[in-house]
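Reading the structure
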Amino acid sequence: QVQLVESGGGLVHAGEFLRLSCAASGSTFSSYHLGWFRQAPGKEREFVATIALSAVGTYYTDSVKGRFTISRDDAKNTVYLEMKSLKPEDTAVYYCAATIPGPERPPQWWRIQSQYDYWGQGTQVTVSS
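1. Points about the nonpolar core
In terms of nonpolar packing, the biggest core is built from 29 residues, with Trp-36, Leu-81, Met-83 and Tyr-94 touching the most fellow members. When contributions to this core are tallied by element, the ones reaching two or more residues are β3 (18-25), β4 (33-39), β5 (46-51), β7 (68-73), β8 (78-83), β9 (92-99) and β11 (123-128). Once you skip the residues sitting within four places of it in the chain, Tyr-94 turns out to touch Glu-6, Leu-20, Trp-36, Phe-37, Arg-38, Val-48, Phe-68, Leu-81, Met-83, Gly-122, Thr-123 and Val-125. Counting residues in each nonpolar core, the second largest holds six residues, with Phe-37, Phe-47, Trp-109 and Trp-110 among its members.

2. Regarding the sheet that holds β8
Taken in spatial order, the four strands make up an open sheet running β1-β3-β8-β7, and their pairing is antiparallel. Each edge of the sheet is formed by a strand with only one pairing partner; in this case those strands are β1 (3-7) and β7. Taken pair by pair, the neighbouring strands of this sheet meet at an average axis angle of 15°, ignoring direction. Taken together, the six bridges between β3 and β8 define a ladder with antiparallel strand orientation. Looking at β8, one finds that Arg-19 is bridged to Glu-82.

3. Section: the side chain of His-33
Along the polypeptide, His-33 turns up in strand β4. Setting aside residues up to four positions removed in sequence, His-33 forms contacts with Ile-51, Ala-52, Leu-53, Arg-72, Ala-97, Ala-98, Thr-99, Pro-101, Arg-105 and Trp-109.

The rules behind each value
- Per-chain numbering applies: the sequence of each chain, read as written, is numbered from 1 onward.
- With pLDDT at 70 or above as the cut-off, local features in this predicted model cover only qualifying residues; side-chain atom pairs require 80 or more to be listed or tallied, and sums for whole chains, interfaces and linings still use all residues.
- Only hydrogens and water are set aside when side-chain values are computed; all heavy atoms of the structure are taken into account.
- Here, the term nonpolar core denotes a set of buried Ala, Val, Leu, Ile, Met, Phe, Trp, Tyr and Cys residues that are joined through side-chain atoms within 4.5 Å.
- Throughout, exposure labels follow a simple rule: accessible area from a 1.4 Å probe, protein chains only, divided by the maximum for the residue type, with under 20% read as buried, over 50% as exposed, and the rest as partly exposed.
- A helix here means a DSSP run of H or I that spans at least four residues, while a strand means a run of E at least two residues long, and both kinds are numbered starting from the N terminus.
- A contact between two residues is defined here by any heavy atoms of the two lying within 4.5 Å.
- Between any two strands, at least two bridges found by DSSP are needed for them to pair.
- Comment: axis = line fitted to C-alpha atoms, over the contacting stretch for helices; angle = value between 0 and 180 degrees taken between N-to-C directions.

Here it is in structure tokens:
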């Protein structure tokens, strides 16, 4: 019962900074775990980052650790992905996703697409060299 809309994508040069936003309607973000995935041209969708409800934990894929930061502002029903030192290989469509907490989750559940209940439409990020 939540709708997600991403924004903030665009065209930047390698080494620059970009911040993505995902705003929710229909429900409140405070009740969900929130994540970001991306899909590069010719590749499958992959996990990027997740932040648990109440910000009790954050998780990142190895390729973005130290460069990307996920955060949430539940008062604004918004989740962010700040990306610094961008590389051409970061070029992809970025999607936000939400999942309702449950009693049983597999190990490293945040990496698994089927664990998420709601998805946004995606926003394009292009990094030129």
